[in-house]
Amino acid sequence: MTCASPPDGDLSSLFNFLPVGAYRCSSDGTMLRANTALVALNGYPSEASLLESVRVSGNEWYVVPGRRAEFRRLLERDGFVRGFVSEIRPKDSSRQIWVSENAHVVRDASGQIQYYEGTVEDITAQVQAQQAQRSSEEQLRLLTAQIPGMVYMIDLGYDGRRHYRFVSEGVREIYGFGPAELMADPMLIARYRHPDDAARLAQETVAVLQDGVELGGEYRIVWPDGQQRWVFQQSCEVARDERGVTRVGVLLDATARVQAQKALLASEALWKVALESAGDGVWDWNLVTGEEYFSPGILAMYGFGEGDLPHVAEEMDRRTHPDDLPQMQADRQAHFEGRAPIYRNEHRIRCKDGSWKWVLSRGMVIARDEAGQPLRMVGTHTDITELRQTEARRQQLETQLRESQKMEAIGTLAGGVAHDFNNLLAAILGNLTLAREDMEAGHPAHESLAEVHRAAIRARQLVQQILTFSRRQEQELVRQPLTPLVEESLRLLRSLLPAGVRLHANLIDGLDVMADATQVQQVLMNLCTNAWQSFGGRGGEISVSLRRRVLDANEAELLGSLVPGSFACLSVADDGPGMDADTERRIFEPFFTTKAPGEGTGLGLAVVHGIVQAHNGAIAVRSHPGAGTRFDVWLPLLASTPAPVVPPAALAQAPSPDGQQNGLHVVYIDDYEALVFLVGRLLRKLGFRVSTFESGEAAVQWLRSHPQDAVDLVVTDQNMPGMSGLDVARELRRLRPGLRVVMISGHVTDALVTEAAELGVFRVLGKQDSMDALGSAIHSLIEETRAA
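Residues numbered from 1 in each chain as written. Predicted model: local features only at pLDDT ≥ 70, side-chain atom pairs only at ≥ 80, totals over all residues. Heavy atoms only, no water.

Asker: Account for the sheet that holds strand S2 (residues 31–34), naming residues and giving values.
Answerer: Pairing within the open sheet is antiparallel, and its five strands lie in the order S2-S1-S5-S4-S3. The open sheet has two free edges, formed respectively by S2 and strand S3 (80–88), since each of these has just one partner strand. Taken over all neighbouring pairs, the strand axes of this sheet differ in orientation by 25 degrees on average, direction set aside. Here strand S4 (residues 97–107) runs beside strand S5 (residues 113–122); their pairing, made up of nine bridges, is antiparallel. Counterpart to Val106 in the pairing with S5 is Tyr115. Contacts between helix H4 (residues 67–78) and the sheet are confined to strand S1 (21–26), S3, S4 and S5, with S3 contributing the most and set at about 175 degrees to the helix. (Pairing = 2+ DSSP bridges. Helix = DSSP H or I, 4+ residues; strand = E, 2+ residues; numbered from the N terminus. Axes fitted to C-alpha atoms, helices over the stretch in contact; angles between N-to-C directions. Contact = heavy atoms within 4.5 Å.)

See below:
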């Protein structure tokens with residue numbers, strides 16, 4: 001390039017003063033002039049060095065090949081070029097810059113091109129900013145593309161105008177149109193609003209412009225085809241000036257969630273109705289607010305109507321029994337913490353009338369926050385009061401059964417011991433009688449033998465108490481009025497009461513029972529004696545009452561499996577010190593006593609229990625420390641018309657010791673050697689011919705080997721090792737048909753009597769109290785045998 005003439009002198013200073021590069025080129029493209037800014041832009045020290053470099057090297061200025069040709073084409077075509085943006089290489093090729101070029105053609109009067117003039121502006125900063133903005137916008141577009149729904153930035157003017165600065169592609173899935181359409185028509189969204197929500201949304205826009213509030217909520221939109229959707233919006237303010245506010249926000253398609261929520265609510269309503277119809281009350285607890293919905297079934301369960309009870313969880317907790325509250329809260333917390341899959345607890349709730357009702361509460365947390373904390377819990381209440389009462393009755397019956405079995409076992413043991421001890425006493429008393437008869441009058445040993453006799457009698461009385469407790473003593477149950485028996489006992493008792501003890505009676509007539517008079521009186525005497533002994537030497541009051549009562553099935557079962565019906569209730573109550581629960585539980589155990597050693601045997605109440613059981617009755621006790629004790633004895637009442645009573649046959653009196661029995665032959669069998677010796681001696685003294693044996697096998701063998709010896713009566717014990725009395729009877733029935741067999745047992749039962757009768761046994765007797773009684777019974781049986 002060769003330089004042309006410089007610009008007009010009056011413009012030369014302006015040419016160099018321009019802040020942007022300026023130049024002039026000849027018509028053939030040779031650069032003629034370059035101002036200071038252009039020289040600096042290209043990295044040259046002077047205009048001359050720039051012009052020389054361009055002339056000599058003719059180096060390519062543009063980074064992109066062909067840009068120079070494009071520039072000349074536009075200039076030649078239009079006569080000017082404006083805003084031609086290109087990337088260039090200055091002298092320092094290590095850097096590249098962006099420039100914006102403007103140029104025009106200068107022609108002479110004839111239209112011939114004189115030269116070109118133009119400017120070059122460094123716009124690198126602007127281009128880089130635009131590139132950064134485009135990159136940021138692209139990143140924002142890519143980011144928001146990953147976010148469901150529509151992300152936006154909007155300018156809201158105080159004059160009502162709207163301008164969207166950014167709209168994400170998610171607008172398409174909500175409204176069906178793209179970001180460009182909304183940015184071109186900012187009111188497009190407003191035309192989609194549901195008519196019923198439009199007024200509310202307009203009010204929210206006013207509030208946004210006035211107060212800058214954060215928005216959050218749901219509204220409906222309607223597509224052109226009539227399809228209705230739910231939209232959730234959330235937005236906040238980021239800038240405000242005199243023209244309006246700028247806000248950013250997000251819109252989400254909430255249609256599926258709202259529909260699911262409606263379905264859930266419908267489902268909840270359905271299961272609530274289902275549970276209500278099944279008898280369960282429903283509760284729904286908002287753990288955030290503390291509010292709790294109580295269904296009509298729950299309210300009715302506790303006697304409340306709608307409006308009677310605040311719908312807050314604390315109200316139901318306040319009505320929970322204090323003894324049940326800690327466990328209920330612990331079970332609930334275990335479910336909250338995930339240690340229990342469901343919440344389940346049984347507790348008592350105080351009803352409106354003050355009564356307590358047992359409920360089974362079951363529930364489950366159905367909503368938790370991000371940290372896992374419970375937000376909502378639903379469940380039911382089921383009334384289990386009747387079930388609990390039934391369970392309590394069952395447990396009470398099981399306890400009674402265990403006590404009954406224990407008492408029966410103890411009774412069996414005591415009866416067996418008493419039976420053996422009775423045999424010992426029988427031998428002692430029988431030998432005492434014979435010894436005293438063998439001694440002459442005035443012998444010094446008579447006094448000692450009398451003391452032995454008295455001690456043996458006391459021992460026998462103790463044995464009788466044990467036998468009564470174990471129900472092995474024979475009873476004579478006859479129909480008789482109960483009141484006279486009680487009155488007779490009270491007359492005797494009044495004379496025995498210590499000073500300071502007062503006895504009150506409240507009796508009624510017309511109560512007929514099947515009873516053994518002696519044993520009933522023993523019951524009353526034992527209970528009253530037990531009462532005044534509990535006073536410990538101090539004064540007190542004893543009340544005896546007799547009343548009629550009808551027991552239903554539940555009451556009868558709780559008292560010990562009685563048959564429901566009419567009963568006489570004999571009560572003995574005192575105002576003594578009472579008993580604790582442990583003592584009350586053991587009072588009927590044999591040999592259990594709270595008295596000092598030597599002051600009681602512990603058999604009194606055990607005997608009472610045995611007698612009452614033998615009378616098909618029951619006994620109950622109620623006592624508390626410091627509140628006295630009350631015993632209730634229940635005996636079945638008989639119908640008003642008395643049944644015929646067959647009096648027992650009186651035993652014939654034993655013959656005198658010197659009477660002769662004409663050699664009647666009695667075979668006596670017992671495994672107790674001392675008793676065999678004693679009975680043999682006694683019967684011989686009474687004139688009988690006696691053969692005694694200590695086992696059933698020995699007796700049967702002798703009878704088999706002595707068929708010629710006549711036998712009038714066989715008396716055998718039932719309980720023996722080896723052959724029992726029944727086995728003996730069975731064998732004798734085969735060996736000597738018609739031979740009378742009498743069986744003696746310390747425990748006579750209906751089953752024993754029935755089986756003995758089937759084997760042809762003539763009579764089953766209980767163990768006799770004395771040898772005299774045994775001799776008398778055998779004599780009577782022989783007389784019956786003769787008469788038969």
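From this point, the discussion proceeds with the structure in view.
Asker: Talk me through the pairing of strand S8 (residues 215–222); I want residue IDs and the actual numbers.
Answerer: Of the strand pairs in this sheet, S8 and strand S9 (residues 228–240) are connected by eight bridges, and their pairing is antiparallel. The residue of S9 that forms the bridge with Gly216 is Gln234. The hairpin formed by S8 and S9 contains five residues between the paired strands, and Gly226 there has a positive phi angle of roughly 90 degrees.

Asker: Quick one: what's the story with the sheet that holds strand S7 (residues 162–167), residue by residue and with numbers?
Answerer: Reading across the sheet, the five strands line up as S7-S6-S10-S9-S8 and stay open at both edges, with antiparallel pairing between neighbours. Taken across any chain shown, the strands that pair with only one partner, and hence form the sheet edges, are S7 and S8. Adjacent strand axes in the sheet meet at a mean angle of 30 degrees, parallel and antiparallel pairs treated alike. Note that strand S6 (residues 150–157) and S7 share five bridges and pair antiparallel. Bridged to Met153 within S7 is Phe166.

Asker: Give a detailed account of the packing of aromatic side chains, specifying residues and quantitative values.
Answerer: The geometry of an aromatic ring pair is captured by two quantities: the separation of the ring centres and the angle between the planes. Counted by the stated rule, this structure contains eight aromatic pairs. Considering the side-chain rings of Trp285 and Phe336, the 6.1 Å spacing of their centres and the 50 degrees angle between planes classify their relative orientation as tilted. Of this pair, Trp285 sits in strand S11 (residues 281–286) while Phe336 sits in helix H12 (residues 325–336), and the two are 51 residues apart along the sequence. Phe336 carries the same exposure label as Trp285, and that label is buried. Look at Phe693 and Trp702: their rings are 5.8 Å apart centre to centre, the planes differ by 45 degrees, and that puts the pair in the tilted class. As far as the burial class goes, Phe693 and Trp702 line up, both buried. The ring of Phe80 is capped by Arg82, whose NZ or CZ atom sits 4.3 Å from the centre of that ring. Between Arg763 and the ring centre of Phe762, over which it is positioned, the NZ or CZ distance is 5.4 Å. (Phe/Tyr/Trp six-rings, centres within 6.5 Å; stacked < 30°, edge-to-face > 60°. Buried < 20%, exposed > 50% of the residue type's maximum accessible area, 1.4 Å probe, protein only. Lys NZ or Arg CZ within 6 Å of the ring centre and 35° of its normal.)

Asker: Break down the pairing of strand S24 (residues 689–693) for me, with residues and values.
Answerer: Examined bridge by bridge, strand S23 (residues 665–669) and S24 share five bridges and lie parallel to one another. Bridged to His665 within S24 is Arg689. Crossover S23 to S24 through helix H20 (residues 673–685) is right-handed. (Right-handed = clockwise from strand over helix to strand, strands pointing away.)

Asker: I'd love a proper account of the environment of Arg95, names of residues and values included.
Answerer: Mapped onto the fold, Arg95 is located in the loop between S3 and S4. Leave out the neighbours within four places in its chain, and Arg95 touches Leu41, Ile88, Arg89 and Pro90.

Asker: I'd like a description of the side chain of Arg229, backed by residues and values.
Answerer: Along the chain, Arg229 falls in strand S9. Within the local environment of Arg229, its side chain forms a polar contact with the backbone oxygen of Glu173, the two atoms lying 2.8 Å apart. A polar side-chain atom of Arg229 sits 3.1 Å from a polar atom in the side chain of Gln227. Setting aside residues no more than four positions away along its own chain, Arg229 makes contact with Glu173, Ile174, Tyr219, Arg220, Ile221, Trp223, Asp253 and Thr255. (Polar contact = N/O pair within 3.5 Å; in protein donor to acceptor, adjacent residues only side chain to side chain.)

Asker: Before we move on, can you summarise the pattern of salt bridges with the specific residues and values?
Answerer: What the rule picks out here adds up to 35 salt bridges. The shortest N-O distance in the salt bridge between Glu76 and Arg72 comes to 3.7 Å. Taken together, the positions of Glu76 and Arg72, both in helix H4 and four residues apart, correspond to about one turn of that helix. For Glu76, a relative accessible area of 53% puts it in the exposed group. Residue Arg72 is classed as partly exposed on the basis of its relative accessible area, which comes to 32%. Here Asp155 and Arg165 are joined by a salt bridge, their closest N and O atoms 2.9 Å apart. Of this pair, Asp155 sits in strand S6 while Arg165 sits in strand S7, and the two are 10 residues apart along the sequence. Salt bridges sharing partners connect three or more residues here, namely Glu314, Glu315, Arg318 and Arg319. (Salt bridge = Lys/Arg side-chain N within 4 Å of Asp/Glu carboxyl O.)

Asker: Help me get a handle on the nonpolar core, residues and values and all.
Answerer: Ranked by size, the top nonpolar core spans 39 residues in total, and within it Leu482, Ile542 and Val544 carry the most contacts. With seven residues, helix H16 (residues 517–533) is the largest single contributor of residues to this core. Ignoring sequence-local partners within four residues, the contact set of Ile542 consists of Val501, Arg502, Leu503, His504, Cys528, Ala531, Trp532, Phe535, Val572 and Ala573. By size, the runner-up hydrophobic cluster in this structure holds 25 residues, among which are Tyr23, Met31, Leu50 and Phe84. (Core = buried A, V, L, I, M, F, W, Y, C linked by side-chain atoms within 4.5 Å.)

Asker: Kindly report on the packing of helix H21 (residues 696–705) against helix H22 (residues 725–735), identifying the contributing residues and their values.
Answerer: For the pair H21 and H22, the least separation of the axes is 10 Å and the interaxial angle reads 5 degrees. Comparing the axis directions of H21 and H22 gives the class roughly parallel. Seen from H21, the contacting residues are Gly696, Val700, Leu703 and Arg704; seen from H22, they are Val728, Glu731, Leu732, Arg734 and Leu735. The class makeup of the residues in the contact of H21 with H22 is five nonpolar, one polar and three charged. (Parallel < 35°, antiparallel > 145°, perpendicular 65-115°, else oblique. Nonpolar A, V, L, I, M, F, W, Y, C, P; charged D, E, K, R; others polar.)

Read these as spatial facts, not as claims about activity.
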